[in-house]
Number of protein chains: 2
Amino acid sequence: MLIGSQTWMFKEEPANISTGVVGGPFEAEGKLSDSFDKLHEDLWMGEDSYEKAQKVLLEDAIQIALTKRALKKEDIQIFIAGDLINQITPTTFTARTIQTPYLGIFSACAISTQGLAIGASLINSHYANLVLTGTSSHNASAEKQFRYPTEYGGQKPPTAQWTATGAGVSILSTATQLKSEFPRVTTATIGKVIDMGITDPMNMGGAMAPAAVDTIMRHFADTNRTSEDYDLIITGDLATIGRNVALELFQQKGVHMPEEKFVDCGLLLYDDHQNTFAGGSGPGCSAIVLYGHILNEMMEGKYKRILVVATGALLSPLSFQQNESIPCIAHAVSIERK
Amino acid sequence: MLIGSQTWMFKEEPANISTGVVGGPFEAEGKLSDSFDKLHEDLWMGEDSYEKAQKVLLEDAIQIALTKRALKKEDIQIFIAGDLINQITPTTFTARTIQTPYLGIFSACAISTQGLAIGASLINSHYANLVLTGTSSHNASAEKQFRYPTEYGGQKPPTAQWTATGAGVSILSTATQLKSEFPRVTTATIGKVIDMGITDPMNMGGAMAPAAVDTIMRHFADTNRTSEDYDLIITGDLATIGRNVALELFQQKGVHMPEEKFVDCGLLLYDDHQNTFAGGSGPGCSAIVLYGHILNEMMEGKYKRILVVATGALLSPLSFQQNESIPCIAHAVSIERK
């Protein structure tokens, strides 16, 4: 059911019954290394291209999520996923491997919550009993496509971010008896494209912050909630610059947003000694942190209700060549556990 | 509700209350020129890049669809769309223009029916009362990205296809009183990725045919229907080669498929005197033909029940560089009018 103007309410409260989280060697050195199900030591994952390596990350995450609940890929009714790479190739190749019905999606680093929103809507409406959703990114495949091959060693400003190498997936289910145990998706707020005219591809956090703020404010208005109703509000990859911009925007608009409960996946993933410029980014970043660290903490009883707001900078190398500013979008999902 | 293993049934039967169909100068010379709402004489549409020209096609189609029913863009609750271009840039820029909540999708030339399926599911489940969905393609932006700039005048084999320049959109609504008048979306079958090992990017129809056949057979099994239950079964852009492969596959598998009711958008759009090799293609091709010609004929009472099966070749220039075969997917939607 639509509530307000942009928010879907899921009465059936689809349960997140399993997750799979996989990372690369740089993520293994980060703050959340314990929350991964698998960490690859080799950035190539044994493949001959970074795009194929990215596919391996996603395939591994899926296999892990299935195995945890003794499920087979044939049990999954639909796979909803995407990634940053042109024509979402790593995701498509994964869909070829797992052979389930497949919906490709694209909203850059907002893919994790877009997939969760569509997946929850399908469960809620009985179009599927088991939905698989997730996303991936790979530092080297993203650098190669959007900037320069890493081998060039190009200089970056401190506003730049580090694309995470990793994949995170979730299996959603209708299973009513599991609801009290597992985190449930209760609402989703679908964002609009927000573009404040920023044209610097080395400042994605600053470009994305207004989209995150817009969707969060819309979510509060639609659900009649405030930050007080949430134990944690988690943005995808605003990193240092974007988080500061967002906090300032909330203040300007008179929205109460306590700093201690406003956290960012891009600032949680890596350790201070790792030079990630302003912080982590990439669709994989929010998927890794949400489906690993955050849901683990939720299962431990640390949070009862969280709002996850993944935000995508819908840029392409082509749009920069054409001097376009960066359109951004954020999709929010509330997750609860009794 | 899920029926069988891959098919969604829409009890509320979302009505297709408006359409907008726009094309380019080459399409104006084709067989269906009368079915366009607008035909541009200039391939650049007054812009300085082909990608921006493609955006204009989609924006025009949307404005036309809104105007036909005296709707404003603010009335639309969600926009579901995508295209072939890296990071679906023309669609994203259109989403920035219209400022409605937006879900980006990607399945190449299967985008039109993927959007229709998701849109119908959202209407059916009361997540939206008015959904806008559609897609676009532009011959020159696609050629430049996937092959060579048209200025090179590269030679092509007769198995190649011609990417259509155009956009087609539909507005779906719950409006019950309109149901008897307008064509309604009644079911959708979500496809799996099918890859038969074809590696020739100049034979997309042949690569895509098995995916179309797989989804059609799954649709028949899930709904307990046969080709006898449909007045017309319309594939997206298999063109001559792909259509022949599909007919042969149906015969091999013992599926009755009368040739006269098995038509292809890629063979309907252009005139014989136009050299389109095996026929038309691109996400815009099926969107133009469905939302223009076919729904017009439906409104005239020519068909009561049709099955539309858009099929996408999920290729990227990158995957060819890596010697990968072409993964394909088809999504089917049944449309009925009393």
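## A look at the relation of the copies chain B and chain A
Expressed as a screw transformation, the operator carrying chain B onto chain A has a rotation angle of 180° and an axial translation of 0.0 Å, and the superposed copies differ by an RMSD of 0.0 Å. Put plainly, the chains are arranged around a two-fold axis. In terms of proximity to the rotation axis, the leading residue of chain B is Ile105(B), whose C-alpha is 2.0 Å off the axis. When the interface residues of chain B are mapped onto chain A, 100% of them are again interface residues, pointing to one common binding face.

## Brief notes about the pairing of strand 11 (residues 232–235) of chain A
Across a regular strand the side chains alternate sides, sitting on one face of the sheet and then on the other. Residues and elements named next belong to chain A. Side chains of strand 11 alternate between two faces, with Leu232 and Ile234 and Ile233 and Thr235 buried alike. Sheet topology note: the strand 11/strand 14 (residues 305–313) ladder contains four bridges and is parallel. Across the sheet, the residue bridging to Leu232 is Ile306, located in strand 14. Pairing of strand 11 with strand 12 (residues 262–264), which is carried by three bridges, proceeds in the parallel orientation. In the sheet register, Ile233 faces strand 12, and the bridge partner there is Phe262. Since strand 11 and strand 12 lie parallel, the crossover through helix 7 (residues 239–252) that links them has a hand, and here it is right-handed.

## A few points about the side chain of Thr163(A)
Locating Thr163(A) in the fold gives a position in strand 8 (residues 162–163). Residue classification places Thr163(A) among the buried residues on the basis of a relative accessible area of 4%.

## Comments concerning the packing of aromatic side chains
According to the stated counting rule, one finds 14 aromatic pairs over all chains in the structure shown. Between Trp44(A) and Tyr50(A) the ring centres are 4.0 Å apart and the planes differ by 25°, which places this aromatic pair in the stacked class. Relative accessible area serves as the criterion here: at 33%, Trp44(A) is assigned to the partly exposed category. A connected cluster of aromatic rings, assembled from ring pairs, spans Trp8(A), Phe10(A) and Tyr127(B).

## Describing the side chain of Thr215(B)
The residue Thr215(B) is located in helix 5 (residues 204–223) in this model. Filtering out sequence-adjacent residues up to four positions away, Thr215(B) remains in contact with Thr189(B), Gly191(B), Ala330(B), His331(B) and Ala332(B).

## Regarding the environment of Ala207(B)
Residues and elements named next belong to chain B. Mapping Ala207 onto the fold places it in helix 5. The class for Ala207 is buried, based on a relative accessible area of 5%. For the pair Ala207 and Ile288, spaced 81 residues apart in sequence, the C-alpha to C-alpha distance is 22 Å. The residues contacting Ala207, other than those within four sequence positions of it, are Ile198, Ile326 and Cys328.

## Considerations on the interface of chain B and chain A
With 59 residues of chain B at the interface, the matching set in chain A holds 59 residues. A combined buried area of about 4,700 Å² lies between chain B and chain A, and 60% of that area is made up of carbon and sulfur atoms. By the criterion of area lost to chain A, the three top residues of chain B are Gln87(B), Arg96(B) and Tyr127(B), representing 17% of everything that side buries. At the surface where chain B touches chain A, the tally comes to six salt bridges. Between Lys52(B) and Glu324(A) there is a salt bridge, and its shortest N-O distance comes to 3.7 Å. Applying the counting criterion to the chain B and chain A interface returns 25 residue pairs in polar contact (both at pLDDT 80 or more). Elements supplying a minimum of two residues to the side of chain B that touches chain A: strand 2 (7–9), helix 1 (50–68), helix 2 (89–98), strand 6 (102–104), helix 3 (111–124), helix 4 (139–146), helix 9 (317–321) and strand 15 (328–336) of chain B. Grouping the amino acids of the side of chain B that touches chain A by side-chain chemistry returns 29 nonpolar, 23 polar and seven charged.

## Side note on the packing of helix 1 of chain B against helix 2 of chain B
All names here are of chain B. Where helix 1 contacts helix 2, the axes come no closer than 9 Å and their chain directions differ by 45°. It follows that helix 1 is oblique to helix 2 by the angle criterion. Crossing of helix 1 over helix 2 shows right-handed handedness. Of the residues in helix 2, those touching helix 1 at Glu51, Gln54, Lys55, Leu58, Glu59 and Ile62 are Pro90, Thr91, Phe93, Thr94, Thr97 and Ile98. Of the residues belonging to the contact of helix 1 with helix 2, the class tally is five nonpolar, four polar and three charged.

## Describing helix 2 (residues 50–68) of chain A
Helix length check: helix 2 of chain A (19 residues) gives 27 Å between terminal C-alpha atoms against 27 Å at 1.5 Å per residue, within 8%. Helix 2 of chain A sits mainly inside the fold: 16 of its 19 residues count as buried.

## Details of the pattern of salt bridges
It is possible for side chains bearing opposite charge to pair when their charged atoms get close. For the structure on display, the rule yields 32 salt bridges over all chains. The closest approach of N and O atoms between Arg305(B) and Glu336(B), which form a salt bridge, is 3.2 Å. One end of the pair, Arg305(B), is in strand 14 (residues 305–313); the other, Glu336(B), is in strand 15, and 31 residues separate them in sequence. Owing to a relative accessible area of 22%, Arg305(B) belongs among the partly exposed residues under this scheme. The structure contains a network of salt bridges with shared partners spanning Asp48(A), Lys52(A), Arg96(A), Asp195(B) and Glu324(B).

Each value, and the rule that gives it
Residues numbered from 1 in each chain as written. Chains lettered and ligands numbered in written order. Predicted model: local features only at pLDDT ≥ 70, side-chain atom pairs only at ≥ 80, totals over all residues. Heavy atoms only, no water. Least-squares fit on C-alpha atoms with pLDDT ≥ 70 in both. Contact = heavy atoms within 4.5 Å. Buried < 20%, exposed > 50% of the residue type's maximum accessible area, 1.4 Å probe, protein only. Helix = DSSP H or I, 4+ residues; strand = E, 2+ residues; numbered from the N terminus. Pairing = 2+ DSSP bridges. Right-handed = clockwise from strand over helix to strand, strands pointing away. Phe/Tyr/Trp six-rings, centres within 6.5 Å; stacked < 30°, edge-to-face > 60°. Buried area = accessible area lost by both parts, 1.4 Å probe. Salt bridge = Lys/Arg side-chain N within 4 Å of Asp/Glu carboxyl O. Polar contact = N/O pair within 3.5 Å; in protein donor to acceptor, adjacent residues only side chain to side chain. Nonpolar A, V, L, I, M, F, W, Y, C, P; charged D, E, K, R; others polar. Axes fitted to C-alpha atoms, helices over the stretch in contact; angles between N-to-C directions. Parallel < 35°, antiparallel > 145°, perpendicular 65-115°, else oblique. Left-handed = near helix turned anticlockwise from the far one by under 90°. Expected span 1.5 Å × (residues − 1).

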